[in-house]
Amino acid sequence: MEQNYDVIVIGTGTAGRTLAGKIVRSGLKIAIVDSREYGGTCPLRGCDPKKVLTGTSEATDWNNRLIGKGAGTQNPLKIDWPSLIEFKRTFTEEYPGKTERYFVEVGIDTYHGRAHFENQNTLIVGEDNLQGEYIFLATGSKPGKLNIPGEEYVITSEEFMETQKLPERIIFIGGGYISFEFAHVARRAGSEVTILHRSESLLGSFDSDLVGLLSKASEAAGIKILTNKPVIAVEKEDKGFLVKTEFKSGSTVETRSFRADMVVHGAGRVPDIEDLCLEKAGVKVEEGAIAVDKYMRTSNSRIYAGGDCISEGMQLTPVATLQGQVAAANILNGDHVEADYTGIPSAVFTIPVLASVGISAAKDSDKYKVIFQDRSSWSTTRRAGVKFAASKVVIDEANDRIVGAHILGPNAEEAINIFAAVMRLGLKASDIKKLIFSYPTVCSDIQYML
């Protein structure tokens, strides 16, 4: 069946939902397509269910940190995994239906299936032929290929969150935020956990000094972290799996094997675009991602893109929201709104949390003023029973602007938003104290970070 639309949206995740919601009242005829359940990664198999798991992990750890300090149970707690997964499903099970019903109620035509381009303005979805005046690509991302023997035995983070019972031994491949967050959860559920990372640098987008402290906190919790251990194969055994690594030791190449009952992919995600036939639409791809300009426009001026499938910005929900908003404004009123990524924070929801915004710099940087604070002895850290906490603030002394902030410790995910707001508003470092004294109960620690 052939259908004509003013706007076709591919993907019902954050970027796609945002754009559709912004243009639906314009009177334009809109279609939206998804090959999976409606809703996308964040609410179904990403941030939202993950936060349910990490929230319970934090509550469990709070109890255990405060045993003998006036609170906590008589014996240490561990996560009740089956009931946690059931609780998690209460957040995800009804979401796809609600999302699709919303689109139908506001007059957006919905399609299910894998879309691909026939030409510059035509998409094929199953037996449907959809022609669009404008098209917005928001197909998201997927776990990258490991390209190793035995890859079929490695489960994804999505499958990890559906596991009914956690096994005794778990190995996470990769030292990124997925591995770190779920390693902390699994450890609080009683599993033996190992992270195998291919290089020396863990959590590459975060400040290395604070990542080092987080690694110490992780190891203190019983998580084994091994760097420079690229996984070269996974083999099935009678009981569990054998994970093989290969690495240099001096002038020789050595191998080392690890046994596990579960192996989880935490080695990064890539744009989910390989079967879109983008070349038929004249859409340029750079390093595996859709190339866009500052208006979220692709090399085909009638096709825009946003979210995890593009080359710009970090793979974060707020970034996808921003990109959907920018693309909607430009489709409706011509290309006049640019994407501004200033002051967008990110966080790793480990115990403790590591949060970051802006650039990083070494403590002895000769370009920036860098203020590093060991917060382990601060009262807000000690009363939470946390042993590892620190902060680093990076200031451009030429204009007294904060260009980066990094926080490890209690309430890091909230405190980072103060720094993010200051950066977005273009305020000076000296101005932040005015905000602090206006909200002393919210950010009592921040004045001491500067």
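As the structure is a prediction and not an experimental result, all values here were calculated from the model.

What follows covers the sheet that holds strand β14 (residues 262-265). Taking strand neighbours across the sheet as the criterion, the 4 strands line up as β10-β9-β8-β14 in an open arrangement whose pairing is parallel. Each end of this open sheet is capped by a strand with a single partner; those strands are β10 (223-226) and β14. On average, adjacent strands in this sheet sit at an angle of 20° to one another, irrespective of strand direction. Bridge count for strand β8 (residues 169-173) against β14 is 4 bridges, and the pairing is parallel. Its bridge partner lying in β14, F172 is registered against V264.

All right, on to the pattern of salt bridges then. For the structure shown, the criterion picks out 25 salt bridges. One salt bridge connects E158 with R36, and the closest N-O pair in it is separated by 2.7 Å. On the criterion of sequence distance, the pair formed by E158 in helix α6 (residues 157-160) and R36 in the loop between β2 (30-34) and α2 (41-45) is long-range, its members being 122 residues apart. In this structure, the salt-bridge partner of D61 is R188, at a minimum N-O distance of 3.0 Å. With D61 in helix α3 (residues 47-65) and R188 in helix α7 (residues 177-188), the pair connects residues that are 127 residues apart, well separated along the chain. Judged by relative accessible area, D61 falls into the buried class, the value being 11%. What emerges from the salt-bridge pattern is a single network uniting R114, K142, D272, E274 and D275.

Counting residues in hydrophobic clusters, the biggest one holds 50 residues, and the most contacted among them are I8, L19, L137 and I290. With 7 residues, helix α10 (residues 317-333) is the single largest residue contributor to this core.

Here T54 lies in helix α3. For T54, the contacting residues outside a window of four places in its chain are V185 and F349.

Let us look at helix α1 (residues 14-23). A large share of α1 lies buried, amounting to 7 of its 10 residues. Within α1 the residues assigned to the buried category are T14, A15, G16, T18, L19, A20 and I23. Buried residues along α1 sit in contact with β1 (2-10), β2, α2, α5 (95-105), β6 (128-137) and α10.

Inspection of the secondary structure puts I67 in the loop between α3 and α4 (81-92). You can call I67 partly exposed: its relative accessible area is 27%. Each C-alpha atom of the pair I67 and G385 lies 9.3 Å from the other, and the pair is 318 residues apart in sequence. The contact partners of I67, leaving out residues within four places of it in the chain, are G72, T73, Q74, N75 and P76.

Criteria and cut-off values
- Starting afresh in each chain, residues are numbered from 1 along the sequence in its written order.
- Per-residue local features are limited, in this predicted model, to residues with pLDDT of at least 70; the limit for side-chain atom pairs, both in listing and counting, is 80 or more; totals at the level of whole chains, interfaces and linings are taken over all residues.
- Each side-chain value is worked out from all heavy atoms of the structure, with water and hydrogens disregarded.
- Strands were regarded as paired on the criterion that DSSP finds at least two bridges between them.
- Put simply, DSSP marks the helices as runs of H or I at least four residues long and the strands as runs of E at least two long, and each gets a number from the N terminus on.
- An axis is simply a line fitted to the C-alpha atoms; with a helix, the fit covers only the stretch in contact. Between two such axes, the angle follows the N-to-C directions and lies from 0 to 180 degrees.
- Salt bridge, as used here, is a side-chain nitrogen of Lys or Arg placed within 4 Å of a carboxyl oxygen of Asp or Glu.
- Under the scheme applied here, a residue whose accessible area is under 20% of the maximum for its type counts as buried, over 50% as exposed, and between as partly exposed, the area being computed with a 1.4 Å probe on protein chains only.
- What is meant by a nonpolar core is a set of buried Ala, Val, Leu, Ile, Met, Phe, Trp, Tyr and Cys residues, joined one to another through side-chain atoms within 4.5 Å.
- Any two residues having at least one pair of non-hydrogen atoms within 4.5 Å are treated as being in contact.

Read these as spatial facts, not as claims about activity.
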